[in-house]
Amino acid sequence: MDELICPGCQSDEHLSGERDGEVIHITCSACDVSWDRDLTPRCKTCGNEDVRSAAQAVWEKSRGTQLSIVSVHTVHLCPDCDADKLDRVRESNTPLPPDDNPAAGMR
Ligand SMILES: [Zn+2]
Ligand SMILES: [Zn+2]
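What comes next is a walk through the structure. (Residues numbered from 1 in each chain as written. Chains lettered and ligands numbered in written order. Predicted model: local features only at pLDDT ≥ 70, side-chain atom pairs only at ≥ 80, totals over all residues. Heavy atoms only, no water.)

## Quick notes on the coordination of the zinc ion (ligand 1)
Then step 1. Protein coordination at the zinc ion (ligand 1): the donors are Cys6 (SG), Cys9 (SG), Cys28 (SG) and Cys31 (SG), at 2.2 to 2.3 Å from the metal.
Then step 2. Viewed at the metal, the 4 donor atoms of the zinc ion (ligand 1) are separated by angles of 104 to 117 degrees, and the geometry they form is tetrahedral.
Then step 3. Motif for the zinc ion (ligand 1), donor spacing along one chain: C-x2-C-x18-C-x2-C. (Donors = N, O, S within 2.8 Å, 3.2 Å for Na, K, Ca; no water. Tetrahedral: all angles 85-135°; square planar, octahedral: opposite > 155°, others 65-115°.)

Set out below in structure tokens:
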């Protein structure tokens, strides 16, 4: 099992989990961030079950170009299909930006 830490405060002290079938809902009371932890993750592309979980931010565009992270959810990265994302998570140790990046212009 990988470590469970809050992507907001990088701590596991304020976390509480609630199991719901195959998923655990986790909440950090310090940051008010919540996400789901899938108990049976697998790669959607190749079916590999040896995936790594990573946090992905969900942003909300407030006024102008200001972005704020409103929540974080867990995505599962396949060492084969998502190698570049996995590297990024490992290096930065912060939540991935959303796939749909409102700040884009980067494509
Ligand atoms: Zn937190
Ligand atoms: Zn895969």
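## With respect to the sheet that holds strand E3 (residues 33-38)
Sheets are built from strands that pair by backbone hydrogen bonding, the pairs being arranged parallel or antiparallel.
Then step 1. Overall, antiparallel pairing links the 3 strands, which are arranged E1-E2-E3 in an open sheet. Of all the strands in the sheet, just strand E1 (15-20) and E3 have a single pairing partner and so form its edges. Here the strands of the sheet are splayed against their neighbours by 20 degrees on average, with no regard to which way each runs.
Then step 2. As judged from the 6 bridges shared by E1 and strand E2 (residues 23-28), these two strands associate in the antiparallel manner. Residue pairing across strands places Ser16 opposite Thr27, the latter belonging to E2. (Pairing = 2+ DSSP bridges. Helix = DSSP H or I, 4+ residues; strand = E, 2+ residues; numbered from the N terminus. Axes fitted to C-alpha atoms, helices over the stretch in contact; angles between N-to-C directions.)

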